[in-house]
Amino acid sequence: MLMFIFFSTGLAVLLCGMQKMRRGLEGAALTGIKRALAAATGTPIMAALTGMLLTLLVQSSTAVTVLTVSFVNAGLMNLVQAIGIILGSNIGTCITAQMMSLDLTKLALPAVLLGMTVMFFGHKHRTYYFLGQGILGFGLVFLGLFIISQAFAPLQDSPWFNSLLASIKSSPLLAVLAGALFSGLIHSSATTTGVVITLSGQGMVDLPTAIALVLGSNIGTCISAVLASLGGTITGKRVAMAHVLLNVFGVLLFLPLLYPFADLVALTADNLPREIANAHTLFNVLSSLMALPLIRPFAHLLVKIIP
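The structure presented is a predicted model; accordingly, all values stated were derived computationally and were not measured. (Residues numbered from 1 in each chain as written. Predicted model: local features only at pLDDT ≥ 70, side-chain atom pairs only at ≥ 80, totals over all residues. Heavy atoms only, no water.)

### Looking at the overall build of the protein
At step 1: For the protein, the count of helices and strands is 17 helices and 0 strands.
At step 2: Looking at the protein as a whole, 52% of its 307 residues are labelled buried.
At step 3: For the protein, contacts bridging at least 24 residues in sequence account for 82% of all contacts bridging at least 6. (Helix = DSSP H or I, 4+ residues; strand = E, 2+ residues; numbered from the N terminus. Buried < 20%, exposed > 50% of the residue type's maximum accessible area, 1.4 Å probe, protein only. Contact = heavy atoms within 4.5 Å.)

### Notes on the packing of helix α11 (residues 189-201) against helix α16 (residues 272-291)
At step 1: Remark: α11 packs on α16, axes separated minimally by 8 Å, with the N-to-C direction vectors making an angle of 150 degrees. Viewed along their axes, α11 and α16 adopt a mutual orientation that is roughly antiparallel. In this structure, α11 crosses over α16, and the sense of that crossing is right-handed. Residues Thr-193, Val-196, Ile-197 and Ser-200 of α11 pack against Leu-272, Pro-273, Ile-276 and His-280 of α16.
At step 2: Residue composition of the contact of α11 with α16, by class: 5 nonpolar, 3 polar and no charged. (Axes fitted to C-alpha atoms, helices over the stretch in contact; angles between N-to-C directions. Parallel < 35°, antiparallel > 145°, perpendicular 65-115°, else oblique. Left-handed = near helix turned anticlockwise from the far one by under 90°. Nonpolar A, V, L, I, M, F, W, Y, C, P; charged D, E, K, R; others polar.)

### Comments concerning the environment of Gln-19
At step 1: Positionally, Gln-19 belongs in helix α1 (residues 2-28).
At step 2: Judged by its relative accessible area of 34%, Gln-19 falls in the partly exposed class.
At step 3: Expressed as a C-alpha distance, the spacing of Gln-19 and Ser-188, which sit 169 residues apart in the sequence, is 9.8 Å.

### Remarks on helix α3 (residues 44-58)
At step 1: A rise of 1.5 Å per residue sets the reference length of α3, with its 15 residues, at 21 Å; its end C-alpha atoms lie 21 Å apart and thus fit the reference within 8%.
At step 2: Buried within α3 are the following residues: Pro-44, Ala-47, Ala-48, Thr-50, Gly-51, Leu-54, Thr-55 and Val-58. Buried residues of α3, seen end-on, are gathered within an arc of 160 degrees and therefore sit on one face of the element. Residues of α3 that are exposed and point more than 90 degrees away from the buried face comprise Ile-45 and Leu-53. (Expected span 1.5 Å × (residues − 1). Arc of directions from axis to C-beta.)

### Concerning helix α17 (residues 295-305)
At step 1: Among all positions in α17, only Ile-295, Phe-298, Ala-299 and Leu-302 are buried. Down the axis of α17, the smallest arc covering the buried residues is 105 degrees, so these residues share one side. Opposite its buried face, α17 presents the exposed residues His-300 and Lys-304, each directed more than 90 degrees away.
At step 2: The inward-facing, buried residues of α17 abut α3, α5 (79-92), α14 (234-254) and α16.

### Brief notes about the nonpolar core
At step 1: Counting 43 residues, the largest nonpolar core has Phe-142, Ile-211 and Ile-276 as the members making the most contacts within it.
At step 2: Those residues in contact with Ile-276 that lie beyond four places of it in its chain are Val-196, Ile-197, Ser-200, Leu-207, Ala-210 and Val-214.
At step 3: Ranked by size, the runner-up nonpolar core spans 27 residues in total, among them Ala-47, Ala-48, Phe-71 and Val-239. (Core = buried A, V, L, I, M, F, W, Y, C linked by side-chain atoms within 4.5 Å.)

### Things to note about the side chain of Thr-209
At step 1: As for its position among the elements, Thr-209 is in helix α12 (residues 207-220).
At step 2: On the accessibility criterion, Thr-209 (5% relative accessible area) is buried.

### Quick word on the environment of His-243
At step 1: Residue position: His-243 is located in helix α14.
At step 2: We classify His-243 as buried; its relative accessible area is 5%.
At step 3: In the structure, His-243 is positioned 153 residues away from Asn-90 in sequence and 9.7 Å away in space, judged by C-alpha atoms.
At step 4: In this structure, His-243 is in contact with Thr-65, Ile-86, Asn-90, Thr-221, Cys-222 and Ala-225, ignoring residues within four places of it in sequence.

### Examining the side chain of Asn-90
At step 1: Mapped onto the fold, Asn-90 is located in helix α5.
At step 2: Residue classification places Asn-90 among the buried residues on the basis of a relative accessible area of 6%.
At step 3: A distance of 3.4 Å separates polar atoms of two side chains, one belonging to Asn-90 and the other to Asn-247.
At step 4: Not counting residues within four places of it along the chain, the set of residues in contact with Asn-90 comprises His-243, Asn-247, Asn-284 and Ser-288. (Polar contact = N/O pair within 3.5 Å; in protein donor to acceptor, adjacent residues only side chain to side chain.)

### Here's the deal with the packing of aromatic side chains
At step 1: Tallying each qualifying case throughout the model produces 3 aromatic pairs.
At step 2: Taking the centre distance of 5.0 Å and the plane angle of 90 degrees together, the rings of Phe-120 and Phe-121 count as edge-to-face. For the pair formed by Phe-120 and Phe-121, the shared burial category is exposed.
At step 3: Consider the rings of Phe-254 and Phe-261, whose centres lie 5.2 Å apart with planes at 75 degrees: the pair is edge-to-face.
At step 4: Within the aromatic cluster, the residues linked to one another by ring pairs are Phe-254, Phe-261 and Phe-283. (Phe/Tyr/Trp six-rings, centres within 6.5 Å; stacked < 30°, edge-to-face > 60°.)

Structure follows, in structure tokens:
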């Protein structure tokens, strides 16, 4: 029971931190974000670059995707542009996983204190206030990861938890489904990746299982775009469908190659958390680059699927 309370508390702090960081960075550059999205050209490469840079800025592919759906619903962006932005946002979100793989726990409380101080003294200045909120969120993210790691520590000797992990380890497809379900429930693939990285730090999951969980999280995060498209235009629904299909196709492409891919990723770092972050990056970069030349035919396919 105590472990569940610790885990729930850590997860709540982590989610709050992700939200604060996203809102802070997004609020500090909101005008620029809207201007950049509105000015995205019809060139798929430019749209992808726009999506990548905006996601790097606000640290949330979900926020960029939902905003893209709203622009499409408003008639300010076409389907090809929107697909390009989604592909770019999938690449841009990798920086969050890379950040979570670093051992920055010691910076958590100083960042929280600094963020609150900047918010307090800069509350009359919009940019400073949101910047402080972003710093506060950064600190809460690593504080949440630390609490979760403390919650998982006693489970290393728990028979039922080890049995659950053994079931997931024995079936990559089950691991993908577990990652998708958890990510869909909390509406955040980055948070799921953070939890997986924490599990790996405790020695509870191996690299192939962790990669499968992360692949599933990419599918689960699509629920936000789907919900944002409800009640919107047909084109908005096509954008949400594009997000789902792109991530599902990417997972289906990589899943049969899971173990060779894990062997390749193992060469990129000397510790498991970094390897997981690198796997997340390689998956999103490679799947997006493969889909980029096919944006226009894919857009025509979406029109046929949702006429």
